[in-house]
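Okay, here's what each chain looks like letter by letter:
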Amino acid sequence: MITVQKVTKIYKIPKRLDGKSAALRSLWQRAYDEKIAVNDISFDIGSGEIVGYIGPNGAGKSTTIKMLSGILTPTAGDILVDGLAPHQQRREHAKNIGVVFGQKTSLWWDVPVVDSFRLLKEMYEIPDETYQENLRVYMDMLEMGGFLNQPVRQLSLGQRVKADLAAALLHNPQTVFLDEPTIGVDAVAKERLRQFIRDINQIRGVTVLLTTHDMVDMEKLVNRVLVIDAGRIAYDGTIHRLREQYGRNRRLDVVFAEHSPHIDVPGLVQVAAAPYRRSYTFNQQEMSAEKALGLIMNQPFTIRDITIQEADIEEIIRNLYTAKGM
Amino acid sequence: MKCYRAFVRQQLNSLTLYRFEFVMKVLYGCIAMYGVRCLWYALHAQNPALLGRSLPDMITYAMMAMAMDLVFYPSGDNAVYDCMNAQVKSGSIDTDLLRPMGFQRQMLYRNASRMMVLSWVLVLPAWLLAVLFMGMQLPSSLVHLAAFFVSVGLAYFVLFSLSFLLGLLGMITMDIRHISWAYRGLVDLLSGKLVPLWLFPPMLMQCTNLLPFRCIYDIPLNIYTGAFDAAEIFRQLGFQCMWALALMSAGHLLWRKVHLRLTVQGG
């Protein structure tokens, strides 16, 4: 479905010349800085997959999305999405994909949401029945009834992202690229957006490539993760394997009956402390959960509560970044 | 065509939000028309032979130029090159490139639909007021009126194409402020908007006869005022067609080059 082969993108950024006639001189007198945004990356995504694409700011995530959607031309390498080369067959390709940039809207600012949808219907040549059916379904799934007739500039961020998501899917694309769709959105709206993304993937079989900094998005939505840093793929695999490789530490939270007891147990590293609480981590490959519990239970303090948690995804990603020197 | 109609509806909904602005612009248009009327009256009083046309024809030409200027003058969202430059700088050009339409066609539809709506709400009332109260003449025949509309359409294509090419230049240089000032000056001077081209020195007039700028004001206004007979109208419309096609093609080819090296700002 999506094939990316040895793709590199180098930005040639024109250096601005100084002086009054700078704009005119820049026509023949050129100086550039080069920045490698994406460096020889390769991956495949199968039909119906939902893949997380993560990495620090400036790692090359958005550049990849823009190349996959035909906005940017790769400097080297090949991209095929559904059998089409995005930058060479941009217009045909655009009919097969939907793209949402969480940080900016693709809708028209001054007019009601539904007017933008009507314009998209004509641009994408969506048949009347498909348009009406999709509008009805998305209005229901994204609870858009209350703001469909409001101008985009009057919408809250969460409403705006919902409208953008619906707009990106009006023409029934088989692949969607979501670039930080939940950024800045409140918890309730986030959950609704996640449910929607899950539904279009599971019910409609839409392939989803999702970039995000929100690790809850990762945990709740994707099975497979691509981690990019400094333009290179640092990890490509399941969240499960990522957890195994970089999430070896488990967390032990203990609530004591007395105030601030000090416990020094080999193998347990204290990571947080509060008047009646202590949190420790331990390497699950070196110490079993049973042994860790035993070490705590053998201490001469009364324990009110005790829980053991897997490493959360944020910690895992932190470990990965540290391990790769990112 | 359905798509273009959707763009027109969109612009109509969007632009009619700012009704007070339109009233002010029509007022500005009327003041500008009255201003040029006074100017040419004064010049005629000094030396009637100076104008090279009858006074009613001259003031009709000048006032109609001001009416057209209400939509043709490249400022704000009317200036295609400014929009393109802002889109690249803000990174919002990527949403245009996600659509299943050519970029040039998308810019054309967006701008042409805006111009069409502005013509209805600005030029038509200003023209009507000028005809009723300032002595502006009607076209000499229905043929001239029809030819004028065709000519204005072609004038728009030439104006759009020049602006689009300038916008592409801005994508390469990332700064077109100074070039756009020079461009606006050239259009104002060489298009016949401010000074009719027949008043230019012969050498300069010969140059302007070859350049595309006269397609924008000089040809439509001469058709409106009845300066051309039928054969000349066809010749001039052909000249506009040639430039419109050449410039649209140049824009299309240059865009393909620019797209290859496009850098969209921001994540």
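Residues numbered from 1 in each chain as written. Chains lettered and ligands numbered in written order. Predicted model: local features only at pLDDT ≥ 70, side-chain atom pairs only at ≥ 80, totals over all residues. Heavy atoms only, no water.

Digging into the overall build of chain B
For clarity, the cut-off: The helix count covers DSSP runs of H or I at least four residues long, the strand count covers runs of E at least two residues long, and both are numbered beginning at the N terminus. Using C-alpha atoms as the atom set, the radius of gyration is obtained and then compared with a globule rule of 2.2 Å times the number of residues to the power 0.38. Residues count as neighbours in contact if any of their non-hydrogen atoms are within 4.5 Å of one another.
Per the secondary structure count, chain B includes eleven helices and zero strands. Element order for chain B, N to C, with α for helix and β for strand: α-α-α-α-α-α-α-α-α-α-α. Against the compact-globule benchmark of 18 Å for 267 residues, chain B has a radius of gyration of 19 Å, which places it among compact chains. C-alpha atoms of chain B, sized along the principal axes, occupy 65 × 45 × 35 Å. Sequence-distant contacts in chain B: of pairs separated by 6 or more residues, those separated by 24 or more amount to 77%.

Points about the packing of helix α4 (residues 80-90) of chain B against helix α6 (residues 103-133) of chain B
All names here are of chain B. What counts here: Only C-alpha atoms enter the line fits that serve as axes; for helices the fit covers just the stretch in contact. Angles between N-to-C directions range over 0 to 180 degrees. What sets the label is the angle itself: under 35 degrees gives roughly parallel, over 145 gives roughly antiparallel, 65 to 115 gives roughly perpendicular, and the rest give oblique. If you view the pair so one helix is near and one far, a crossing is left-handed when the near helix is turned anticlockwise from the far one by less than a right angle, and right-handed when it is turned clockwise.
Contact geometry of α4 with α6 gives a least axis separation of 11 Å together with a crossing angle of 125°. Compared by their axis directions, α4 and α6 come out oblique. In the packing of α4 onto α6, the handedness of the crossing is right-handed. Contacts from Val80, Cys83, Met84 and Gln87 in α4 reach Phe103, Met107, Arg110 and Asn111 in α6.

With respect to a positive patch on the surface
Here is the rule we go by: Patch membership requires more than 30% relative accessible area and the absence of a salt bridge. Residues of like charge join within 9 Å; the nonpolar side chains Val, Leu, Ile, Met, Phe, Trp and Tyr join within 5 Å. Accessibility throughout is a Shrake-Rupley quantity obtained with a 1.4 Å probe, and a residue counts as covered only by protein chains that appear here. We define a salt bridge as a side-chain nitrogen of Lys or Arg found within 4 Å of a carboxyl oxygen belonging to Asp or Glu. When charges are counted, Lys and Arg are positive and Asp and Glu negative, with His and the chain ends excluded. A charge is said to be at NZ when it belongs to Lys, at CZ for Arg, at CG for Asp and at CD for Glu.
A cluster of basic side chains, namely Arg91 of chain A together with Arg105, Arg256 and Lys257 of chain B, defines a positive patch on the protein surface. You can see Lys257 of chain B is positioned in helix α11 (residues 230-260).

Remarks on the nonpolar core
Where we set the bar: Residue types Ala, Val, Leu, Ile, Met, Phe, Trp, Tyr and Cys, when buried and joined through side-chain atoms within 4.5 Å, form a set referred to as a nonpolar core. Only protein chains enter the calculation, and the probe is 1.4 Å; a residue is then buried if its accessible area is under 20% of its type maximum, exposed if over 50%, and partly exposed in between.
One finds Phe117 of chain A together with Met33 and Met171 of chain B to be the most contacted residues of the largest nonpolar core, which totals 179 residues. Here the element with the most residues in this core is helix α7 (residues 142-173) of chain B; it accounts for 15 residues. In contact with Met171 of chain B, not counting residues within four places along its chain, are Met84, Val88, Ile93, Phe103, Trp255, Val258 and Leu262 of chain B. One finds Val254, Val265, Leu268 and Tyr280 of chain A within the second-largest nonpolar core, a separate group that totals eleven residues.

Overview of the domain arrangement of chain A
The condition that has to hold: Note that the domain bounds were set by an automatic or database domain assignment.
Domain parsing of chain A yields domain 1 (2-7 + 44-243) and domain 2 (248-309). Distance from the C-alpha centre of domain 1 of chain A to the C-alpha centre of domain 2 of chain A: 42 Å.

Notes on the interface of chain B and chain A
Interfaces are frequently sized by the accessible area removed from exposure as the parts join. Quick note on the threshold: A 1.4 Å probe defines the accessible area here, and the buried area is the portion of it lost by two parts on being joined, summed over both. Throughout this description, a polar contact denotes any pair of N or O atoms lying within 3.5 Å of each other; where both atoms belong to protein, one of them has to be capable of donating a hydrogen while the other can accept it, and for residues adjacent in sequence the pair is counted only when both atoms sit in side chains.
Counting residues at the interface gives 39 residues for chain B, matched by 40 residues for chain A. Overall, the association of chain B and chain A removes approximately 3,600 Å² of surface from exposure, summing both partners, and the carbon and sulfur fraction of that is 57%. It is Leu98, Arg99 and Pro100 of chain B in chain B that bury the most area against chain A; as a group they hold 20% of the surface buried on that side. In this structure, the connection of chain B to chain A is made through two salt bridges. Where chain B touches chain A, the interface holds eight residue pairs in polar contact (both at pLDDT 80 or more). Only α1 (2-15), α4, α5 (93-97), α6, α7, α8 (177-190) and α11 of chain B provide two or more residues apiece to the side of chain B that touches chain A. It is α1 of chain B that provides the largest number of residues to the side of chain B that touches chain A, a total of seven residues.

What to know about the sheet that holds strand β9 (residues 232-238) of chain A
All names here are of chain A. The cut-off we apply is this: Should DSSP find at least two bridges between two strands, the strands are taken to pair.
One open sheet accounts for six strands, arranged β5-β6-β7-β3-β8-β9; its pairing is mixed. The open sheet has two edge strands, β5 (97-101) and β9, and neither has a second partner. Neighbouring strand axes in the sheet, compared pairwise and without regard to direction, differ in orientation by 15° on average. Across the face of the sheet, helix α6 (residues 157-169) comes into contact with β5 and β6 (175-179) while running at roughly 165° to β5.

Some details on the pattern of salt bridges
Counted by the stated rule, this structure contains 25 salt bridges over all chains. Residue Lys190 of chain A is joined to Asp214 of chain A by a salt bridge in which the shortest nitrogen-to-oxygen separation is 2.8 Å. One end of the pair, Lys190 of chain A, is in helix α7 (residues 187-202); the other, Asp214 of chain A, is in the loop between β7 (207-211) and α8 (215-221), with 24 residues separating them in the sequence. On the basis of relative accessible area, Lys190 of chain A is assigned to the buried category, the value being 18%. The class of Asp214 of chain A is buried, set by a relative accessible area of 14%. A salt bridge links Glu21 of chain B to Lys25 of chain B; the nearest nitrogen and oxygen atoms lie 3.4 Å apart. One end of the pair, Glu21 of chain B, and the other, Lys25 of chain B, are both in helix α2 (residues 19-46), four residues apart, so they sit about a helical turn from each other. A relative accessible area of 39% places Glu21 of chain B in the partly exposed class.

Some thoughts on empty space enclosed by the protein
Selection criterion: Lining residues are defined by having an atom within 4 Å of a point belonging to a cavity or pocket. Those points lie on a 1 Å grid over the protein atoms alone, cavities being sets where a 1.4 Å probe fits but cannot get out and pockets being open sets with protein on both sides within 12 Å along at least five of seven lines. Grid points are joined across faces, edges and corners, and a volume is the space filled by probe spheres set on the points. Asp, Glu, Lys and Arg are counted as charged, while Ala, Val, Leu, Ile, Met, Phe, Trp, Tyr, Cys and Pro are counted as nonpolar; the rest, among them Gly, fall into the polar class.
Counting across every chain of the model gives four cavities of 30 Å³ or more. A volume near 90 Å³ is recorded for the largest cavity. Lining the largest cavity, in full, are Ala94, Ile97, Gly98, Val99, Ser106, Tyr124, Asp164, Ala167, Ala168 and His171 of chain A together with Leu98 and Arg99 of chain B. At the level of secondary structure, the elements contributing two or more residues to the lining of the largest cavity comprise β5 and α6 of chain A. When grouped by side-chain class, the residues that make up the lining of the largest cavity number seven nonpolar, three polar and two charged.

Section: the environment of Gly55 of chain A
Residue and element names in this part refer to chain A. The topology assignment puts Gly55 in the loop between β3 (50-54) and α2 (61-68). Considered as a pair, Gly55 and Ala230 are 175 residues apart in the sequence and their alpha carbons are 8.7 Å apart. The residues touching Gly55, leaving out its near neighbours within four places in the chain, are Lys61, His213, Ile228 and Tyr321.

Observations regarding the packing of α1 of chain B against α6 of chain B
Two measures define how a pair of helices packs: the angle their axes make with one another and the distance between the axes. All names here are of chain B. Between α1 and α6, the least distance of the axes is 8 Å, while the angle of their chain directions is 55°. Our classification of the angle between α1 and α6 gives oblique. Read as a crossing pair, α1 and α6 show a hand that is right-handed. Along the contact surface, α1 presents Cys3, Tyr4, Phe7, Val8, Gln11, Leu12 and Leu15, while α6 presents Tyr109, Arg110, Ala112, Ser113, Arg114, Met116, Val117, Leu118 and Trp120. For the contact of α1 with α6, a count of residues per class yields twelve nonpolar, two polar and two charged.

Focus: the sheet that holds strand β10 (residues 249-256) of chain A
All names here are of chain A. The strand order β11-β12-β10-β13 describes an open sheet built from four strands, whose pairing is antiparallel. Of all strands in the sheet, those bounded by a partner on one side alone are β11 (269-274) and β13 (303-309). In this sheet, adjacent strand axes meet at a mean angle of 20° when their direction is disregarded. Sheet analysis places β10 next to β13, joined by six bridges and oriented antiparallel. Note that in β13 the partner of Leu252 across the bridge is Ile308. Along the sheet, helix α10 (residues 289-297) contacts β10, β12 (277-283) and β13; its crossing angle with β13, the most-contacted strand, is approximately 160°.

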